[in-house]
Structures are given as structure tokens and as C-alpha cells.
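Listed below are the residues making up each chain.
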Amino acid sequence: MVSLIVNDTPDTTARSVGSGPTFNSTFDADRLKKILSQCNPAVSDKLRFWFNETLNSAVDQQKESSHCDNWIIADSSRLLEKARQHFQNLQFSAVHHGPFEVGVNWHIQQLDQLQSGKFMLSTGEYHLAVDGPGLGGRNTHFVLEMADQIFFKNVLSWSSDKLKQVTILSVGTDGTDGPTDAAGACFNYDLFTQSLSQGISPEGALKSFDSYRFFEKMGGLIKTGPGPINLMDIRAICL
């Protein structure tokens, strides 16, 4: 038996893919039984019997699955390599791969050291605690928050000439970003000046977590339709 696995987890091993039933994962059956024995006495004997039977069956299946060859054919590391090659073909250089699940603050710190003509990449799915009635997802919110920090607040004190070179992009590789039809969004200096001319700032949209409608109005939404693969999100910032 051969399994071809698409890994959509931060871990690059097949062991981390929960939907891979052919992988011979290891677990300590004796430890699990010990934990069961320490459960509340109110747990019925019938439930204990069912659990033990299920555990024994899992052990047998584990032995049977050891004859399968598992091959990871796609994961985030391969995604980053493809993205790196793409940007280098566009004459950008000095890629910086970010760790998983990093948010705006980490990217701002790294950008402070990034020079013109270079780019940085990161992947994963960073944690976003939604506290508002708006419409959006991780990727559109990330781009809007980065745009607010870099362009509108200019926390890095960059000149207008340098800001004109900045492009921010973040997309979900499966083509969807939360409950919307967008995969993500992008933002650049042209959209920034357009926002200023129309008197629109990201502040209200960020507060209400309404990044989708901000980009729907200003432009910048990326709509690819549902994709055939999921390798988490990918973010790119170019100078």
C-alpha cells in the first residue's frame, strides 16, 4: 500500500496529519488504560469495556498499517520554495521565511530590516481572536492591519518613495478565507492614496473585524475560487 499525503500542518512529518489513516502512528496503550482506570467511578462498566475493546482493536490496526509506504507530496515547506522561486523570477531577492503562526508585530519587526528589492514570506495560520460583527478572515484582516501600521500610521517612519514600493499579500491556499468567497487580499501604495482621497481609513473596519467589506469597497480582494489543495496560508511582503 502507498499513501500520497498532503500535509496541511506546521509539522512536516506524516505523523501530524490527522486524516492519514494509513500511517503507523505510535501510542502507549498501557498509559491510556492507566488513565482510564483513574477516571471517575461513575463511568459505567459498559463504557470501560467498550473503551478497552476499541483500544485493543486500534493496536491491531496499528500493526496491520505498518506495511504502508507514506509519501508527503505537498506541504508548507514546498509551498515556500515555490513562492521563493516565483519572487526571484520577478527580480526580488533575499527571501526571509517566517515561523508558523506569526502575526502583525513579528512582520513589522522583520520589515524594519528589509531593504528595497527584497521580499519576505511566511506561512501557517496565525491565531485571530474575532471580537466584532464584521465580515472577513485571517488573511484579509492581516493585510488590513499591516496596511494600517505601514501606510496609515507609518510606524516604520518610511519615506513616501519607500512606501510606493511596498506590496502586502496574504491568501489561504485552499481559496477561501473564513466565511467569505475571497482567498485573501493585497494592498499597496495606490490603494493607500485612493483610501486617503476618499477619506476612508482602516480603523473602523479593524475595530469591527470588517476587513472583507473594506477591501470590497477599496479593491484588493483576491478571489480564486475553491482550490484543490490546502497548505494553510501564505503571506508575502515585497519592497
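What you see is a predicted model; the values in this text were computed from it and never measured. (Residues numbered from 1 in each chain as written. Predicted model: local features only at pLDDT ≥ 70, side-chain atom pairs only at ≥ 80, totals over all residues. Heavy atoms only, no water.)

Asker: Describe the overall build of the protein, naming the residues involved and giving the relevant values.
Answerer: Looking only at helices and strands, the protein features nine helices and seven strands. Sorting the 239 residues of the protein into buried and exposed places 41% on the buried side. Residue pairs at least 24 apart in sequence account for 74% of intrachain contacts in the protein once pairs closer than 6 positions are excluded. (Helix = DSSP H or I, 4+ residues; strand = E, 2+ residues; numbered from the N terminus. Buried < 20%, exposed > 50% of the residue type's maximum accessible area, 1.4 Å probe, protein only. Contact = heavy atoms within 4.5 Å.)

Asker: Explain the nonpolar core residue by residue, including any values.
Answerer: Across soluble globular proteins, nonpolar side chains show a tendency to be buried alongside one another. Of all hydrophobic cores here, the largest spans 35 residues; its most connected members are Leu111, Met146, Ile150, Phe151, Ile168 and Phe187. No other element matches the seven residues that helix α5 (residues 138-152) contributes to this core. The contacts of Leu111, once residues within four sequence positions are left out, are Met120, Met146, Ile150, Leu156, Trp158 and Ile237. Listed in part, the 14 residues of the second largest apolar core include Leu121, Val171, Leu231 and Ala236. (Core = buried A, V, L, I, M, F, W, Y, C linked by side-chain atoms within 4.5 Å.)

Asker: Break down a nonpolar patch on the surface for me, with residues and values.
Answerer: There is a patch of nonpolar side chains on the surface, built from Val2, Leu4, Val6, Trp71, Ile73 and Ile229 and spanning about 580 Å² of accessible area. Listing elements by their share of the nonpolar patch, those giving two or more residues are β1 (2-6) and β2 (69-74). Of the residues forming the nonpolar patch, the biggest block, three residues, is contributed by β1. Relative to the helices and strands, Ile229 is located in the loop between β6 (221-222) and β7 (233-238). Accessibility expressed as a relative area gives 31% for Ile229, which makes it partly exposed. (Patch = residues over 30% accessible without salt bridge, like charges linked within 9 Å, V, L, I, M, F, W, Y side chains within 5 Å. Areas by Shrake-Rupley, 256 points an atom, 1.4 Å probe, with all protein chains shown as cover. Salt bridge = Lys/Arg side-chain N within 4 Å of Asp/Glu carboxyl O.)

Asker: Account for helix α4 (residues 104-111), naming residues and giving values.
Answerer: Burial within α4 is extensive, with six of its eight residues counted as buried. When α4 is considered as a whole, its buried residues turn out to be Val104, Trp106, His107, Ile108, Gln110 and Leu111.

Asker: Can you tell me about the sheet that holds β7, naming the residues and giving the values?
Answerer: One open sheet holds the five strands; their spatial order is β3-β7-β4-β5-β6, and the pairing between them is antiparallel. The outermost strands of the open sheet, each flanked by one partner alone, are β3 (119-124) and β6. Here five bridges tie strand β4 (residues 167-172) to strand β5 (residues 184-188), and the two strands are oriented antiparallel to one another. Paired with Val171 across the strands is Gly184, a residue of β5. (Pairing = 2+ DSSP bridges.)

Asker: Break down the side chain of Ser211 for me, with residues and values.
Answerer: On the secondary structure map, Ser211 appears in helix α9 (residues 211-218). With a relative accessible area of 1%, Ser211 lands in the buried category. Residue contacts for Ser211: discarding those within four places in its chain leaves Leu135, Gly136, Gly137, Thr140, His141, Leu144 and Ala205.

Asker: Before we move on, could you go through the environment of Arg84 and cite the residues and values that matter?
Answerer: Summarising the element assignment, Arg84 is placed in helix α3 (residues 76-89). Put simply, Arg84 and Leu121 are 37 residues apart on the chain and 7.9 Å apart in space, counted from C-alpha to C-alpha. Polar contacts involving the side chain of Arg84 include one to the side chain of Glu81, which spans 2.4 Å. (Polar contact = N/O pair within 3.5 Å; in protein donor to acceptor, adjacent residues only side chain to side chain.)

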